[in-house]
Amino acid sequence: ACHQMDVLIACPIFVDGELFAWVANAGHQYDLGGIVPGGWPQNAPDVYSDPVVLPPFKLVEKGVMRKDLEAVYLRQSRVPDLVALDLRGQVAGVNFAKEEIKKLCDQYGAKIVKSVMKKVLDQAQKEFQEKLNRVPDGKWTEVRYLDEPMPGLRSTQKTQLNITKKGDRLFIDNEGTDLQTEGTNGLPYTSWAGVIMGIFSVTMLYDRLFAIGGGERQIDYAPQPGLLTCVDYPAAVSGGIMQTNALANAAQVLISRMLATDPELKKDMLAGSTEFLLPVLTGENDRGEYFGQGLLDAFGGGSGARSYKDGINTSGPVWSPLSMLLNVEMVEQWYPIVYLYRREDCDSAGAGMYRGGVGVRSAITPYRAKNMQVITITSGQAVTTHGGPGLDGGYPSPASHYAIAKGTDLEAMMGNKLLPKTIDDLQASETFRLRSKSNGTPLNSGDVLELRVVGGGGYGDPIRRDPESVAMDIRLGYVSENVGRIIYGVVLDDGGNVDIAETNNHRKIITNDRSKWRMPDSTNPANDSVNLEADTLRSVGEYLGVATLGGKSVFACASCGKVHCRTNENYKMHLLMNASPINSIPTNISPEVFLDEKMEFRRFACPSCLVLVKTEVVRSSDEIFADIVLTA
């Protein structure tokens, strides 16, 4: 399992006295010890501060649970009664699966059942091979940063994911990732490989979603141990489990860029969802009973945009297609809180020719709680720089946040039969935002916690979005009129309709501003005046194509045909680049509130037609990395 609170139960299946198969399940337990209730210690320097480490042991002997081993297991928990019930549920689950498979063997014969199982895996492998053969050979790279290794540290750590494709095989490594350190940013190999395969399953094997093992036969994982994405024992692995979402976003972007190289596969491209926020509430209710629960409003984040349509609003992350956003009444029934509001959030999605789906903004306050505190567990840089990354010139969504208003006038407001629409409507003695990692901020009566979970990344150049679609977004409250003007270049008249003349003029202004950007490098001057017919290019992105020129493979603009460089070079070095502060992403605040390292928003445009080709959020000190290099 990927962190200490996930417990895996595995059961062998014997048919005619021989081992036929294994069934297993993994479940997240309510509490298995550690220095923080619930098992999410953000300040764990190593695994010894995590929940208890239990090596594999045989729990069930001849169909009977070993009471002594169960007692050892339950003794680790603050809530052994709940953990005992979950343990029996997991054992019952594998027993049920075992009996159902044995029934199939009784009905059809073990050989036929096993042959069908193998056939299912073979079919998944074949379909994956067929798709991979349609992608050109090359290497795709994505960089992600993780905030504060330990709570309060104002530094970031770098992770890098590389996928090299040769024929029908993939070679995946983590070269470029920082070394593991003390703290909770590290992932074990299980999480690293599992997350990557999980994203392949929902993007390239979705019709084989629950039988993807055959596809994994085409992947060779080669991580370097001792780096943040393949930590060695005794690294802490429980509190930082949300970092799997930063990895999932990196994998999503890389796979989408690979899919962009084939016209049919391109329809499955998907920009990243927002990185995950998990506020955990712990304390005692008015009866003195302990409670601890994560607020899962992050399942209301929007999905990323596709290559042909907008993302889905408040859909939840793509890597968890079965996830659900609970009704507020259910949460209020179980825990001593009251929701003040929960609604779709304006300007929370990444802009683009197709925008991301918008996210959700909600607020809670304690209700009949003896005491309460909030722990924050956050993926990547979700509360400092941005949410879901954009694709092919699409903007990333802005940063999310945890905001707390202390000592508010909420009681007086409610006494007047009013509720706040935003945390800013409250008068408070103090208002502040929580860091990505924190281990217990008190929430007292009258205090309010606002959780902003943003949407997904955008796809394509925002000024190429249909102006009527922007106007509709503004009317529906998904986009503000200001963002419609400064990012999309769309101007509305007094009646809320598109002013065509002003829109055309404003988009020209935005385009002309890009002409003032500067090329980071120009090592290929011979191609400065070379333009190819756009319809002769093989697309490897919305605005990036490949062609053969003088017997050499080159990158060129898929919009105007401008030749950039050889395909074994970094094409971004031959584009116009603008590096701007993070708060140039609409509704973002400066990450300097939390970080000492300077982060920046880089945009790259074609030097000829000035279309926006690529966006990324990086450390200012980092070099411009090559995100795609194709084999000539």
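Residues numbered from 1 in each chain as written. Predicted model: local features only at pLDDT ≥ 70, side-chain atom pairs only at ≥ 80, totals over all residues. Heavy atoms only, no water.

Caption draft 1: Main features of the packing of helix α4 (residues 189-203) against helix α6 (residues 243-259). Orientation of α4 relative to α6, taken along the N-to-C sense of each, is 45°, at an axis distance of 9 Å. Classed by the angle they form, the pair α4 and α6 counts as oblique. In terms of crossing hand, the pair formed by α4 and α6 is right-handed. Contact with α4, carried on its side by Ser191, Trp192, Val195, Ile196, Ile199, Phe200 and Thr203, involves Thr244, Leu247, Ala248, Ala251, Gln252, Ile255 and Leu259 of α6 and no other residues of that element. Within the contact of α4 with α6, the residues separate by chemical class into ten nonpolar, four polar and no charged. (Axes fitted to C-alpha atoms, helices over the stretch in contact; angles between N-to-C directions. Helix = DSSP H or I, 4+ residues; strand = E, 2+ residues; numbered from the N terminus. Parallel < 35°, antiparallel > 145°, perpendicular 65-115°, else oblique. Left-handed = near helix turned anticlockwise from the far one by under 90°. Contact = heavy atoms within 4.5 Å. Nonpolar A, V, L, I, M, F, W, Y, C, P; charged D, E, K, R; others polar.)

Caption draft 2: Up close: helix α1 (residues 67-74). Every buried residue belonging to α1 is among Glu70, Tyr73 and Leu74, and all of these are buried. Around the axis of α1, the buried residues are gathered within 90° of arc, so they sit on the same side. Tucked inside the fold, the buried residues of α1 contact β1 (6-15), β4 (64-65) and α2 (80-108). (Buried < 20%, exposed > 50% of the residue type's maximum accessible area, 1.4 Å probe, protein only. Arc of directions from axis to C-beta.)

Caption draft 3: Looking closely at α2. Taking 1.5 Å per residue as the helical rise, α2 with its 29 residues ought to reach 42 Å, and the 42 Å between its terminal C-alpha atoms agrees with that figure. Every buried residue of α2 is accounted for by Val83, Ala84, Leu87, Gln90, Val91, Val94, Lys98, Ile101 and Cys105. (Expected span 1.5 Å × (residues − 1).)

Caption draft 4: The arrangement of the packing of aromatic side chains in detail. Per the counting criterion, the structure on display carries eleven aromatic pairs. Each ring, one from Phe291 and one from Tyr335, has its centre 6.5 Å from the other, and the planes form 45°; the classification is tilted. With Phe291 in strand β10 (residues 290-294) and Tyr335 in the loop between α7 (328-334) and β11 (337-344), this pair connects stretches of sequence that are 44 residues apart. For the residue pair Phe291 and Tyr335, the accessibility class agrees, reading buried in each case. Ring pairing ties together the aromatic residues Tyr189, Trp192 and Tyr221, which thus form one cluster. Here Arg343 stacks its cationic end above the ring of Tyr341, 4.8 Å away from the centre of that ring. Above the plane of the ring of Phe625 lies Lys572, whose end atom (NZ or CZ) is 4.0 Å from the centre. (Phe/Tyr/Trp six-rings, centres within 6.5 Å; stacked < 30°, edge-to-face > 60°. Lys NZ or Arg CZ within 6 Å of the ring centre and 35° of its normal.)

Caption draft 5: Expanded view of the pairing of strand β14 (residues 401-406). Burial analysis of β14 places six of its six residues in the buried class, the great majority of the element. Here β14 shows no split at all, with His401, Ala403 and Ala405 on one side and Tyr402, Ile404 and Lys406 on the other all buried. Pairing geometry for β14 and strand β17 (residues 448-453), over five bridges, is antiparallel. The partner of His401 across the bridge, within β17, is Arg452. Judged from the four bridges that link them, β14 and strand β15 (residues 430-433) form a sheet pairing that is antiparallel. Bridging from a neighbouring strand, Ala403 pairs with Arg433 of β15. (Pairing = 2+ DSSP bridges.)

Caption draft 6: Expanded view of the sheet that holds strand β24 (residues 612-619). The antiparallel open sheet is built from three strands, whose spatial order is β22-β23-β24. With partners counted over all chains shown, the strands left at the sheet margins are β22 (576-580) and β24, one partner each. Each neighbouring strand pair of the sheet contributes to a mean axis angle of 20°, computed without reference to strand direction. Note: β22 against strand β23 (residues 599-605), five bridges, orientation antiparallel. Within β23, the position partnered with Ser580 by the bridge is Phe601.

Caption draft 7: Representation of the sheet that holds strand β9 (residues 277-285) within the structure. Sheet architecture is open: four strands sit in the order β10-β9-β13-β16, paired in antiparallel fashion. Two strands close off the open sheet at either side, each with one partner strand: β10 and β16 (438-442). When strand polarity is set aside, the average angle formed by the axes of neighbouring strands in this sheet is 20°. Sheet topology places strand β13 (residues 369-378) next to β16; three bridges connect them, and they run antiparallel.

Caption draft 8: Region of interest: the state of the cysteines. Throughout the structure, instances matching the rule amount to zero disulfides. Considering cysteine sulfurs only, Cys609 is the nearest to Cys557, which forms no disulfide, with 3.7 Å between them. Under the relative-accessibility criterion, Cys557 is labelled buried at 0%. (Disulfide = S-S within 2.5 Å.)

Caption draft 9: A look at the environment of Gln125. Structurally, Gln125 is set in helix α3 (residues 110-132). Through-space distance from the C-alpha of Gln125 to that of Ala26 is 25 Å; in sequence the pair is 99 residues apart. When sequence neighbours within four positions are dropped, the list of residues in contact with Gln125 reads Gly214, Gly215, Arg217 and Gln218.

Caption draft 10: Fine view of the environment of Glu275. Topologically, Glu275 is positioned in the loop between α6 and β9. You can call Glu275 buried: its relative accessible area is 2%. Linking Glu275 and Ala246, residues 29 residues apart in sequence, is a C-alpha distance of 6.1 Å. Those residues in contact with Glu275 that sit more than four places away from it in its chain are Arg144, Asn245, Ala246, Asn249, Ser379, Gly380, Gln381, Ala382 and Gly387. Side-chain polar atoms of Glu275 contact the backbone nitrogen of Gln381, separated by 3.3 Å. (Polar contact = N/O pair within 3.5 Å; in protein donor to acceptor, adjacent residues only side chain to side chain.)

Caption draft 11: Structural view of a nonpolar patch on the surface. A cluster of nonpolar side chains, contributed by Leu104, Tyr108, Ile112 and Val116, occupies part of the molecular surface with about 370 Å² of accessible area. Listed by contribution, the elements that provide at least two residues to the nonpolar patch are α2 and α3. On the secondary structure map, Leu104 appears in helix α2. The class of Leu104 is partly exposed, set by a relative accessible area of 39%. (Patch = residues over 30% accessible without salt bridge, like charges linked within 9 Å, V, L, I, M, F, W, Y side chains within 5 Å. Areas by Shrake-Rupley, 256 points an atom, 1.4 Å probe, with all protein chains shown as cover. Salt bridge = Lys/Arg side-chain N within 4 Å of Asp/Glu carboxyl O.)

Caption draft 12: Focus on the packing of α1 against α2. Taken N-terminus to C-terminus, the directions of α1 and α2 make an angle of 130°; their axes are 10 Å apart at the nearest point. Relative to α2, α1 is oriented oblique. Where α1 crosses over α2, the handedness of that crossing is right-handed. Facing α1, whose interface residues are Lys67, Glu70, Tyr73 and Leu74, α2 presents Pro80, Val83, Ala84, Leu87 and Arg88.

Caption draft 13: Fine view of the nonpolar core. One finds Leu161, Ile172, Phe200 and Phe555 to be the most contacted residues of the largest nonpolar core, which totals 54 residues. Broken down by element, the residue count for this core peaks at nine residues, all from α6. Look past the residues within four positions of Phe200 in its chain and what remains in contact with it is Phe128, Ile163, Leu170, Ile172, Leu205, Ile219 and Ile255. One finds Phe299, Met372, Ala382 and Val453 within the second-largest nonpolar core, a separate group that totals 34 residues. (Core = buried A, V, L, I, M, F, W, Y, C linked by side-chain atoms within 4.5 Å.)

Caption draft 14: Representation of the pattern of salt bridges. In this structure the tally under the stated criterion is 36 salt bridges. In this structure, Arg514 and Asp461 form a salt bridge, with 2.7 Å as the shortest nitrogen-oxygen distance. One end of the pair, Arg514, is in helix α11 (residues 500-514); the other, Asp461, is in the loop between β17 and α9 (467-476), and 53 residues separate them in sequence. Connected through shared salt-bridge partners, Lys58, Glu61, Arg66 and Asp68 make up one network.

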